[in-house]
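Spelled out from the first residue to the last, the chains are:
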Amino acid sequence: MAKPDECQGCLLYDAEGPVFGEGPDNAKMAFIGEAPAGNEVLLRRPFVGGAGRVLSALLHQADVDRSACFVHNVICCRIPHDKLTEYSPAEEVAKFCSARFLEPTLEGMSALRVVVPMGTAANFAVTGRGKVDAEIYPYQGYPWTTPIRQYVVVPI
């Protein structure tokens, strides 16, 4: 699969991917992860590996239809060794990729009411708070709103 022009200049240009988000444009909830791993890259779909099974199980327990939600990652290509915390240009790549794909997608979703960043990289990309490789604990579970956006952010 050829990479889109927006990927030019990314430090992960030669990495496996991209894997873009999926879900309806009129989704009211979005779940944002870190980056795709092997299964996601192979199938070109977000959250189909281990993390996806956990997400699907949690949504099922909450009686939330996953197909009604939007799922995406901050970084669309596979991080070396699937370890964002060990990848030194992680913040630069997260900013690059989210500015080209995640942010415009979320901004175009007018029905969106809740965004759930899963992990520090996602929280950083969605809210600008914290660091890509820092702990999520100071933010997790505390809803965050901004006057600019129409949705509530609940980091986990």
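Please read these numbers as outputs of a predicted model, since none were measured by experiment.

Rules and cut-offs
Residues numbered from 1 in each chain as written. Predicted model: local features only at pLDDT ≥ 70, side-chain atom pairs only at ≥ 80, totals over all residues. Heavy atoms only, no water. Salt bridge = Lys/Arg side-chain N within 4 Å of Asp/Glu carboxyl O. Buried < 20%, exposed > 50% of the residue type's maximum accessible area, 1.4 Å probe, protein only. Helix = DSSP H or I, 4+ residues; strand = E, 2+ residues; numbered from the N terminus. Contact = heavy atoms within 4.5 Å. Pairing = 2+ DSSP bridges. Axes fitted to C-alpha atoms, helices over the stretch in contact; angles between N-to-C directions. Parallel < 35°, antiparallel > 145°, perpendicular 65-115°, else oblique. Left-handed = near helix turned anticlockwise from the far one by under 90°. Nonpolar A, V, L, I, M, F, W, Y, C, P; charged D, E, K, R; others polar. Lys, Arg positive; Asp, Glu negative; His and termini not counted. Polar contact = N/O pair within 3.5 Å; in protein donor to acceptor, adjacent residues only side chain to side chain.

Caption draft 1: Focus on the pattern of salt bridges. As enumerated under the stated definition, the model contains four salt bridges in all. We note a salt bridge from Asp82 to Arg78, for which the minimum N-O separation is 2.8 Å. Among the residues examined, Asp82 registers a relative accessible area of 34% and is labelled partly exposed. Its relative accessible area of 24% is what places Arg78 among the partly exposed residues. The partner of Glu91 in a salt bridge is Lys95, and the shortest N-O contact between them spans 3.4 Å. Of this pair, Glu91 and Lys95 both sit in helix H3 (residues 90-107), four residues apart, roughly one helical turn. Its relative accessible area of 31% is what places Glu91 among the partly exposed residues. Among the ionic contacts, a cluster of salt bridges with common partners joins Glu16, Arg78 and Asp82.

Caption draft 2: Summary view of helix H4 (residues 120-127). Among the eight residues in H4, eight count as buried, and that is most of the element. Buried within H4 are the following residues: Thr120, Ala121, Ala122, Asn123, Phe124, Ala125, Val126 and Thr127. Close packing links the buried residues of H4 with strand E1 (29-33), H3, strand E3 (114-117) and strand E4 (152-153). Phi for Gly128, located one or two positions after H4, is positive at around 80°.

Caption draft 3: View of the pairing of E3. Across four bridges, E1 lies against E3 in parallel orientation. Its bridge partner lying in E3, Ala30 is registered against Val115. For E3 and E4, the ladder comprises two bridges, and the chain directions are parallel. Residue pairing in the sheet places Val115 in a bridge with Val153 of E4.

Caption draft 4: Spotlight on the packing of H3 against H4. Here H3 crosses H4 at 55°, and the two axes come no closer than 10 Å. Here H4 runs oblique to H3, going by the angle between their axes. Where H3 crosses over H4, the two elements pack in a sense that is right-handed. The residues of H4 that touch H3, namely those facing Glu91, Lys95, Ser98, Leu102 and Glu103, are Phe124, Ala125 and Val126. Grouping the amino acids of the contact of H3 with H4 by side-chain chemistry returns four nonpolar, one polar and three charged.

Caption draft 5: Local environment of the sheet that holds strand E2 (residues 70-73). Judged by pairing direction, the sheet is parallel, and its four strands sit side by side in the order E2-E1-E3-E4 without closing on themselves. Of all strands in the sheet, those with a lone pairing partner are E2 and E4, marking the two edges. Contacting E1, E3 and E4, H4 runs over the sheet at an angle of about 140° to E3.

Caption draft 6: Inspection of the side chain of Arg66 at higher detail. Note on placement: Arg66 falls in the loop between helix H2 (50-61) and E2. No salt bridge is formed by the buried Arg66, whose closest oppositely charged neighbour, Glu22, lies at an N-O distance of 4.4 Å. Separated by 3.1 Å, the side chain of Arg66 and the backbone oxygen of Phe47 make a polar contact. Dropping the residues within four chain positions of it, Arg66 is found in contact with Glu22, Pro46, Phe47, Gly52, Leu55, Ser56, Leu59 and Val71.

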